[in-house]
Amino acid sequence: MDEGFKLFPDQASTMAREVDWLFYFALAVGVFFSALIFLLVLYFAVKYRRRSDDEQPKPIFGDVRLEALWTVIPLGLTMVMFGWGTGIFFKVNRPPANAMEINVVAKQWMWKFQHPTGQREINELHVPLGQPIKLTMTSEDVIHSLYVPAFRIKNDVLPSRCTTLWFEATKPGKYHLFCAEYCGTKHSQMGGWIYVMEATQYQQWLAGGAADETPVEKGQRLFTQLGCATCHQANPTARGPSLHGVFGQQVKLKTGQTIVADENYLRESIVNPSVKITAGYEPIMPTFKGLVNEEQLLDLISYLKSIGAAPSKEDKK
Ligand code: CUA
């Protein structure tokens, strides 16, 4: 690291500035009121000091206007923080529809990335500038957390669940990525770099590396190998629901509940199929727990997403 000491990391994503402004605001409010309280304590200590030994101060029995004032002002300020923070929270948690999908598998003690075109990387990730990137993440062992300070993004990476992050880089360069959840002996070494490149450079970089089977291709192969297609067919009399266009759609369950078929639902339906049964179907699907590893689960999900370009999804945006 030759960056030297910096009070703030680079602002290298579309989110960075907004997150920082909210932080500065909260900081300014905190500093202002701390200073005010300190100064008033000093001022009142001098102003109301006891001037003679027999001096008895007049008792005070409260003041409704004062009570109202110091309730309303903090309420207003915290409401501003709440509204502002919620706005950013939603933005951070909603990847744009045109985001490029990168699969991430964490394990003790490394980060494994796979590009939609098949290229793999470990502890390094090359991404194009000005393109929203969505990371779909899972862990092979314990809880990790992916943290890129320059992008102001961080999210836990969990075993047995998918979590996501998204960012759009705004500045070419090399940015630190960290594991931000203590995960064992080499937690502190579980980090790496994100390289942000111009789009053409990124294409060159892609062309320079050997591309593996893409996640979609591998998912499709697994889908056939594991026999998923024998039950999950498009015809209405099939034993399993059709999975075409299922991703991102509302699914009606046997219980009457309606849920959105996101990454976690698909993942759960593969390893724990009896938990959420689609309405109109029997709980006959066997579990694939232990038969597919975390990366293969992500591949299957990538495949289901690829056949899931439901036409209505775009319209809803
Ligand atoms: Cu992985 Cu800390």
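As the structure is a computational prediction, the values presented were derived from the model and not from experiment. (Residues numbered from 1 in each chain as written. Predicted model: local features only at pLDDT ≥ 70, side-chain atom pairs only at ≥ 80, totals over all residues. Heavy atoms only, no water.)

Another point: the overall build of the protein chain. Across its full length, the protein chain holds 8 helices and 12 strands. Computed over C-alpha atoms, the radius of gyration of the protein chain comes to 27 Å, more than 25% over the 20 Å expected from 2.2 N^0.38 for 317 residues, which places it beyond the range of a compact globule. On the principal axes, the C-alpha backbone points of the protein chain span a range of 95 × 55 × 40 Å. Within the span of the protein chain, comprising 317 residues, buried residues form 35% of the whole. Taking the contacts inside the protein chain whose residues are at least 6 apart along the sequence as the reference set, 66% of them involve residues at least 24 apart. (Helix = DSSP H or I, 4+ residues; strand = E, 2+ residues; numbered from the N terminus. Rg over C-alpha atoms; globule rule 2.2 N^0.38 Å. Buried < 20%, exposed > 50% of the residue type's maximum accessible area, 1.4 Å probe, protein only. Contact = heavy atoms within 4.5 Å.)

What follows concerns the nonpolar core. Residues Ile102, Trp111, Val127, Leu135, Leu146, Phe151 and Ile194 are the most contacted members of the largest nonpolar core, which totals 31 residues. Among the elements that line this core, the one with the most residues is strand E1 (residues 100-107), at 4 residues. Excluding residues within four positions of it along the chain, Phe151 makes contact with Ala12, Ser13, Met15, Ala16, Phe167, Ala169, Tyr175, Ile194 and Val196. In this structure, Val105, Val246, Ile270 and Leu300 belong to the second largest nonpolar core, which totals 25 residues. (Core = buried A, V, L, I, M, F, W, Y, C linked by side-chain atoms within 4.5 Å.)

The domain boundaries assigned to the protein chain delineate domain 1 (7-46 + 64-212) and domain 2 (215-311). Contacts between domain 1 and domain 2 engage 19 residues on the former and 12 residues on the latter. Three residues, Asn103, Arg120 and Cys162, lead the burial of domain 1 against domain 2; their summed loss comes to 35% of the area buried on that side. Counting across the interface, domain 1 meets domain 2 through 3 salt bridges. For Lys305, the salt bridge is made with Glu101, and the minimal N-O distance between the two is 2.7 Å. Seen at the junction of domain 1 and domain 2, the total is 7 residue pairs in polar contact (both at pLDDT 80 or more). (Domains from an automatic or database assignment. Buried area = accessible area lost by both parts, 1.4 Å probe. Salt bridge = Lys/Arg side-chain N within 4 Å of Asp/Glu carboxyl O. Polar contact = N/O pair within 3.5 Å; in protein donor to acceptor, adjacent residues only side chain to side chain.)

On to the packing of helix H6 (residues 263-271) against helix H7 (residues 294-306), then. It is the contact of H6 with H7, at a shortest axis distance of 10 Å, that shows an interaxial angle of 120°. With respect to each other, H6 and H7 are oriented oblique. For H6 against H7, the interelement crossing comes out right-handed. Between H6 and H7, the residues in contact are Glu263, Leu266, Arg267, Ile270 and Val271 and Glu294, Leu297, Leu300, Ile301, Leu304 and Lys305, respectively. When its residues are assigned to classes, the contact of H6 with H7 shows 7 nonpolar, no polar and 4 charged. (Axes fitted to C-alpha atoms, helices over the stretch in contact; angles between N-to-C directions. Parallel < 35°, antiparallel > 145°, perpendicular 65-115°, else oblique. Left-handed = near helix turned anticlockwise from the far one by under 90°. Nonpolar A, V, L, I, M, F, W, Y, C, P; charged D, E, K, R; others polar.)

Turn by turn, an α-helix covers 3.6 residues, leaving residues three or four places apart pointing in a common direction. Between its first and last C-alpha atoms H7 spans 18 Å; for 13 residues at 1.5 Å apiece the expected length is 18 Å, and the two agree. For H7, the buried fraction is high: 12 of the 13 residues fall into the buried class. Structurally, H7 contributes buried residues whose contacts are with E1, strand E2 (110-114), strand E3 (120-122), strand E5 (133-139), helix H4 (215-225) and H6. Its side-chain oxygen at 3.1 Å from the backbone nitrogen of Glu295, Asn293 defines the N-terminal cap of H7. (Expected span 1.5 Å × (residues − 1).)

When two helices pack together, their arrangement is given by the angle between their axes and by how far apart the axes lie. Across the interface, helix H1 (residues 16-47) lies against helix H2 (residues 64-93) with an axial gap of 10 Å and an inter-helix angle of 165°. What the angle tells us is that H1 and H2 run roughly antiparallel. Judged by the sense of rotation from one axis to the other, the crossing of H1 with H2 is left-handed. Along the contact surface, H1 presents Glu18, Val19, Trp21, Leu22, Phe25, Ala26, Val29 and Phe33, while H2 presents Ile73, Leu77, Val80, Met81, Trp84, Gly85, Ile88 and Lys91. Taken together, the residues of the contact of H1 with H2 sort by class into 13 nonpolar, 1 polar and 2 charged.

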